[in-house]
Amino acid sequence: MATIQIEAEPYPFELAPESTALLIIDMQRDFVEPGGFGEMLGNDVSLLRSTIEPCRRVLEAARKAGLAVIHTREGHRPDLTDAPPAKLKRGGLEVGIGDEGPMGRVLVRGEYGHDIISELYPEAGEPVVDKPGKGAFHETDLHLILRNRGISTLIVCGVTTEVCVHTTVREANDRGYECLVLSDCVGSYFPEFQRVALEMIKAQGGIFGWVTHSGHALEVLDRIRSPEDAARGAGPG
Ligand code: TIU
(Lines give C-alpha, C1' and ligand atoms only; values in the text may rest on other atoms or scores of the structure.)
Protein backbone atom coordinates (compact mmCIF):
# COMPACT_ATOMS: atom_id res chain seq x y z
CA MET A 1 0.00 0.00 0.00
CA ALA A 2 1.50 3.38 -0.99
CA THR A 3 1.51 5.81 1.92
CA ILE A 4 1.42 9.59 1.98
CA GLN A 5 2.37 12.04 4.71
CA ILE A 6 0.50 14.93 6.32
CA GLU A 7 2.44 17.54 8.28
CA ALA A 8 1.38 17.09 11.91
CA GLU A 9 2.48 17.15 15.53
CA PRO A 10 4.36 15.52 17.14
CA TYR A 11 5.69 14.26 13.75
CA PRO A 12 4.35 13.70 10.22
CA PHE A 13 1.29 11.46 9.99
CA GLU A 14 1.43 8.60 7.50
CA LEU A 15 -1.64 7.18 5.83
CA ALA A 16 -2.72 4.96 2.97
CA PRO A 17 -5.96 6.32 1.48
CA GLU A 18 -7.55 2.87 1.11
CA SER A 19 -7.16 2.13 4.82
CA THR A 20 -8.18 5.59 6.06
CA ALA A 21 -11.59 6.90 7.12
CA LEU A 22 -12.82 10.36 7.94
CA LEU A 23 -14.72 10.04 11.23
CA ILE A 24 -17.05 12.94 12.01
CA ILE A 25 -18.21 12.89 15.61
CA ASP A 26 -21.66 14.14 16.70
CA MET A 27 -22.10 17.19 14.44
CA GLN A 28 -25.73 17.21 15.54
CA ARG A 29 -28.12 20.12 16.00
CA ASP A 30 -28.34 19.12 19.68
CA PHE A 31 -24.73 20.22 20.13
CA VAL A 32 -24.22 23.07 17.67
CA GLU A 33 -27.60 24.83 17.56
CA PRO A 34 -29.54 26.67 20.26
CA GLY A 35 -32.25 24.63 21.98
CA GLY A 36 -30.40 21.32 22.20
CA PHE A 37 -28.52 19.29 24.78
CA GLY A 38 -25.41 21.49 24.62
CA GLU A 39 -27.40 24.55 25.54
CA MET A 40 -29.41 22.65 28.22
CA LEU A 41 -26.06 21.98 29.91
CA GLY A 42 -25.49 25.73 30.13
CA ASN A 43 -23.13 26.11 27.18
CA ASP A 44 -22.82 28.79 24.50
CA VAL A 45 -23.24 26.70 21.35
CA SER A 46 -21.94 29.47 19.10
CA LEU A 47 -18.42 28.48 20.21
CA LEU A 48 -18.73 25.23 18.25
CA ARG A 49 -19.97 26.74 15.02
CA SER A 50 -16.51 27.73 13.75
CA THR A 51 -15.86 24.03 13.12
CA ILE A 52 -18.65 23.71 10.54
CA GLU A 53 -16.93 25.31 7.53
CA PRO A 54 -13.55 23.53 7.93
CA CYS A 55 -15.40 20.24 8.52
CA ARG A 56 -17.40 20.86 5.34
CA ARG A 57 -14.21 21.43 3.32
CA VAL A 58 -12.56 18.28 4.70
CA LEU A 59 -15.72 16.23 4.10
CA GLU A 60 -15.86 17.41 0.50
CA ALA A 61 -12.15 16.62 -0.04
CA ALA A 62 -12.47 13.18 1.59
CA ARG A 63 -15.43 12.32 -0.64
CA LYS A 64 -13.54 13.43 -3.76
CA ALA A 65 -10.48 11.43 -2.69
CA GLY A 66 -12.65 8.32 -2.25
CA LEU A 67 -11.91 7.97 1.48
CA ALA A 68 -14.39 6.10 3.65
CA VAL A 69 -16.57 8.57 5.57
CA ILE A 70 -18.31 7.63 8.81
CA HIS A 71 -20.59 9.83 10.93
CA THR A 72 -21.63 9.36 14.55
CA ARG A 73 -24.56 10.68 16.58
CA GLU A 74 -24.93 10.61 20.35
CA GLY A 75 -28.44 9.74 21.44
CA HIS A 76 -30.92 7.24 22.71
CA ARG A 77 -33.88 5.07 21.85
CA PRO A 78 -37.23 6.84 22.30
CA ASP A 79 -38.00 4.62 25.32
CA LEU A 80 -34.57 5.56 26.81
CA THR A 81 -33.85 1.91 27.66
CA ASP A 82 -30.27 2.36 26.40
CA ALA A 83 -29.64 5.44 28.54
CA PRO A 84 -27.93 4.72 31.86
CA PRO A 85 -30.00 6.12 34.76
CA ALA A 86 -26.84 7.93 35.91
CA LYS A 87 -26.64 9.77 32.58
CA LEU A 88 -30.33 10.72 32.72
CA LYS A 89 -29.98 12.06 36.29
CA ARG A 90 -26.68 13.90 35.83
CA GLY A 91 -26.78 17.65 36.18
CA GLY A 92 -30.30 17.75 37.62
CA LEU A 93 -31.44 19.53 34.47
CA GLU A 94 -34.86 21.13 34.15
CA VAL A 95 -34.96 19.91 30.55
CA GLY A 96 -32.67 16.93 30.04
CA ILE A 97 -32.21 13.84 27.86
CA GLY A 98 -35.58 12.57 26.64
CA ASP A 99 -37.47 15.74 27.57
CA GLU A 100 -39.25 17.92 25.04
CA GLY A 101 -37.12 20.86 23.89
CA PRO A 102 -37.38 23.40 21.05
CA MET A 103 -35.90 20.86 18.58
CA GLY A 104 -37.88 17.85 19.79
CA ARG A 105 -36.96 15.38 22.54
CA VAL A 106 -33.37 16.05 23.62
CA LEU A 107 -30.78 13.50 22.35
CA VAL A 108 -33.49 11.07 21.20
CA ARG A 109 -33.06 9.22 17.90
CA GLY A 110 -35.46 10.32 15.19
CA GLU A 111 -35.90 13.83 16.64
CA TYR A 112 -34.91 16.92 14.64
CA GLY A 113 -32.30 18.03 17.19
CA HIS A 114 -30.64 14.63 17.25
CA ASP A 115 -29.86 14.64 13.55
CA ILE A 116 -26.70 15.86 11.80
CA ILE A 117 -26.60 19.47 10.60
CA SER A 118 -27.46 19.99 6.94
CA GLU A 119 -23.97 21.34 6.06
CA LEU A 120 -22.42 17.95 6.89
CA TYR A 121 -25.34 15.65 6.13
CA PRO A 122 -24.32 12.05 5.36
CA GLU A 123 -24.56 10.83 1.78
CA ALA A 124 -25.79 7.39 0.76
CA GLY A 125 -23.12 4.80 1.52
CA GLU A 126 -21.67 6.70 4.50
CA PRO A 127 -22.40 4.74 7.68
CA VAL A 128 -24.02 6.65 10.55
CA VAL A 129 -23.15 5.12 13.92
CA ASP A 130 -25.67 5.84 16.66
CA LYS A 131 -23.92 5.76 20.00
CA PRO A 132 -25.40 5.85 23.51
CA GLY A 133 -22.16 7.03 25.12
CA LYS A 134 -19.41 9.55 24.63
CA GLY A 135 -17.02 7.12 22.93
CA ALA A 136 -17.99 5.98 19.43
CA PHE A 137 -16.79 2.41 20.11
CA HIS A 138 -18.85 1.92 23.28
CA GLU A 139 -21.79 -0.43 22.55
CA THR A 140 -21.71 0.28 18.79
CA ASP A 141 -20.64 -1.62 15.66
CA LEU A 142 -17.99 0.96 14.68
CA HIS A 143 -15.03 -1.40 15.26
CA LEU A 144 -16.73 -4.07 13.12
CA ILE A 145 -17.46 -1.60 10.30
CA LEU A 146 -13.85 -0.36 10.31
CA ARG A 147 -12.40 -3.88 10.37
CA ASN A 148 -14.68 -5.04 7.54
CA ARG A 149 -13.49 -2.12 5.42
CA GLY A 150 -9.81 -2.65 6.25
CA ILE A 151 -9.56 0.73 7.98
CA SER A 152 -6.64 1.25 10.38
CA THR A 153 -6.27 5.05 10.22
CA LEU A 154 -8.77 7.72 11.25
CA ILE A 155 -8.94 11.42 10.47
CA VAL A 156 -11.11 12.79 13.26
CA CYS A 157 -13.41 15.84 13.28
CA GLY A 158 -16.42 16.83 15.41
CA VAL A 159 -17.59 17.88 18.84
CA THR A 160 -16.80 18.28 21.59
CA THR A 161 -13.03 18.04 21.70
CA GLU A 162 -12.55 17.03 25.32
CA VAL A 163 -15.67 14.88 25.59
CA CYS A 164 -16.79 12.71 22.63
CA VAL A 165 -13.76 13.36 20.42
CA HIS A 166 -11.28 12.59 23.21
CA THR A 167 -13.15 9.52 24.44
CA THR A 168 -13.36 8.18 20.88
CA VAL A 169 -9.69 8.84 20.10
CA ARG A 170 -8.65 7.10 23.33
CA GLU A 171 -10.87 4.11 22.53
CA ALA A 172 -9.53 3.99 18.96
CA ASN A 173 -5.92 4.21 20.17
CA ASP A 174 -6.41 1.27 22.54
CA ARG A 175 -7.87 -0.75 19.65
CA GLY A 176 -4.80 -0.13 17.49
CA TYR A 177 -6.02 2.68 15.22
CA GLU A 178 -3.84 5.67 14.29
CA CYS A 179 -5.77 8.92 14.76
CA LEU A 180 -5.13 12.34 13.27
CA VAL A 181 -7.24 15.06 14.92
CA LEU A 182 -7.86 18.23 12.89
CA SER A 183 -7.52 21.09 15.36
CA ASP A 184 -9.90 23.55 13.64
CA CYS A 185 -12.46 20.81 12.86
CA VAL A 186 -12.98 19.90 16.51
CA GLY A 187 -14.62 22.27 18.96
CA SER A 188 -15.22 22.78 22.65
CA TYR A 189 -17.54 25.04 24.66
CA PHE A 190 -14.42 25.89 26.70
CA PRO A 191 -11.41 27.46 24.90
CA GLU A 192 -9.04 26.27 27.64
CA PHE A 193 -10.28 22.67 27.33
CA GLN A 194 -9.85 22.88 23.53
CA ARG A 195 -6.21 23.86 23.92
CA VAL A 196 -5.38 21.33 26.62
CA ALA A 197 -7.31 18.48 24.99
CA LEU A 198 -5.29 18.88 21.80
CA GLU A 199 -2.05 19.11 23.79
CA MET A 200 -2.92 15.86 25.57
CA ILE A 201 -3.39 13.93 22.33
CA LYS A 202 -0.01 14.81 20.86
CA ALA A 203 2.09 14.89 24.07
CA GLN A 204 4.60 12.17 24.97
CA GLY A 205 5.40 11.33 21.35
CA GLY A 206 1.72 11.19 20.35
CA ILE A 207 0.36 9.24 23.32
CA PHE A 208 -3.15 9.14 21.78
CA GLY A 209 -2.41 10.32 18.24
CA TRP A 210 -1.50 13.27 16.05
CA VAL A 211 -2.86 16.82 15.66
CA THR A 212 -2.77 19.12 12.66
CA HIS A 213 -4.67 22.00 11.04
CA SER A 214 -7.17 21.07 8.32
CA GLY A 215 -5.09 23.08 5.84
CA HIS A 216 -2.31 20.48 5.98
CA ALA A 217 -4.79 17.63 5.55
CA LEU A 218 -6.50 19.38 2.63
CA GLU A 219 -3.17 19.91 0.81
CA VAL A 220 -2.75 16.13 0.78
CA LEU A 221 -6.38 15.02 0.34
CA ASP A 222 -6.75 17.31 -2.68
CA ARG A 223 -3.91 15.43 -4.41
CA ILE A 224 -5.39 11.96 -3.92
CA ARG A 225 -7.23 10.51 -6.86
CA SER A 226 -10.32 8.51 -5.96
CA PRO A 227 -10.24 4.88 -7.17
CA GLU A 228 -12.97 5.84 -9.71
CA ASP A 229 -10.92 8.79 -11.07
CA ALA A 230 -7.78 6.64 -11.20
CA ALA A 231 -9.66 3.99 -13.21
CA ARG A 232 -10.82 6.68 -15.66
CA GLY A 233 -7.34 8.18 -15.86
CA ALA A 234 -8.67 11.51 -14.54
CA GLY A 235 -6.59 13.88 -12.40
CA PRO A 236 -7.36 15.01 -8.84
CA GLY A 237 -9.95 17.70 -7.97
N1 TIU B 1 -21.24 18.12 26.77
C2 TIU B 1 -20.28 17.93 25.90
O3 TIU B 1 -19.30 18.66 25.85
N4 TIU B 1 -20.37 16.89 25.01
C5 TIU B 1 -21.29 15.89 24.97
O6 TIU B 1 -22.15 15.77 25.84
N7 TIU B 1 -21.25 15.04 23.90
C8 TIU B 1 -20.29 15.12 22.86
O9 TIU B 1 -19.21 15.62 23.07
N10 TIU B 1 -20.67 14.71 21.65
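Look up a bit, the structure's there.
1. Concerning the environment of Y11
Then, number 1: Along the chain, Y11 falls in the loop between β1 (4–6) and β2 (13–15).
Then, number 2: Take Y11: its relative accessible area is 42%, and that puts it in the partly exposed class.
Then, number 3: Between the C-alpha atoms of Y11 and E162, which are 151 residues apart in sequence, the distance is 22 Å.
Then, number 4: With near-sequence residues (within four places) excluded, Y11 lies in contact with G205 and W210.

2. A closer look at the site of the ligand
Then, number 1: Near the ligand, the surroundings consist of D26, F31, F37, L41, E74, K134, V159, T160, V163, C164 and Y189.
Then, number 2: Contact distances for the ligand include 2.9 Å between a nitrogen atom and a side-chain N or O atom of E74.
Then, number 3: Here an oxygen atom of the ligand sits 2.8 Å away from a polar atom, N or O, in the side chain of T160.
Then, number 4: For the ligand, the protein covers 93% of the area, taking 290 Å² as the surface of the free molecule.
Then, number 5: A breakdown of the residues in the shell around the ligand according to their chemical character gives seven nonpolar, one polar and three charged.

3. Remarks on the nonpolar core
Then, number 1: Counting 43 residues, the largest nonpolar core has L22, M27, F31, V58 and L182 as its most contacted members.
Then, number 2: Among the elements of the structure, β2, β3 (20–25), α1 (29–32), α3 (52–65), β8 (153–159), β9 (178–187) and α8 (214–221) are those that each provide at least two residues to this core.
Then, number 3: Per element, the largest residue contribution to this core is seven residues, and it comes from α3.
Then, number 4: In this structure V58 touches L22, C157, L182, C185, S214, L218 and L221, once residues within four positions along its chain are discounted.

4. Some points on the sheet that holds β9
Then, number 1: Pairing is parallel across the open sheet formed by six strands, whose spatial order is β7-β4-β3-β8-β9-β10. Each having just a single partner strand, β7 (128–131) and β10 (210–212) make up the two edges of the open sheet. For this sheet, the mean angle separating the axes of adjacent strands, direction not counted, is 25 degrees.
Then, number 2: Bridging between strand β4 (residues 68–74) and β7 involves four bridges; their strand directions are parallel. In the strand pairing of β7, T72 is matched with V129.
Then, number 3: In the packing of helix α6 (residues 161–174) onto the sheet, the strands contacted are β3, β4, β7, β8 and β9, and the crossing angle to β8 comes to about 165 degrees.
Then, number 4: Those strands touched by α8 are β8, β9 and β10, and its axis lies near 120 degrees from that of β9.

Rules behind the numbers
- Residues numbered from 1 in each chain as written.
- Predicted model: local features only at pLDDT ≥ 70, side-chain atom pairs only at ≥ 80, totals over all residues.
- Heavy atoms only, no water.
- Helix = DSSP H or I, 4+ residues; strand = E, 2+ residues; numbered from the N terminus.
- Buried < 20%, exposed > 50% of the residue type's maximum accessible area, 1.4 Å probe, protein only.
- Contact = heavy atoms within 4.5 Å.
- Near = heavy atom within 4 Å.
- Polar contact = N/O pair within 3.5 Å; in protein donor to acceptor, adjacent residues only side chain to side chain.
- Areas by Shrake-Rupley, 256 points an atom, 1.4 Å probe, with all protein chains shown as cover.
- Nonpolar A, V, L, I, M, F, W, Y, C, P; charged D, E, K, R; others polar.
- Core = buried A, V, L, I, M, F, W, Y, C linked by side-chain atoms within 4.5 Å.
- Pairing = 2+ DSSP bridges.
- Axes fitted to C-alpha atoms, helices over the stretch in contact; angles between N-to-C directions.

These figures capture arrangement, not role.
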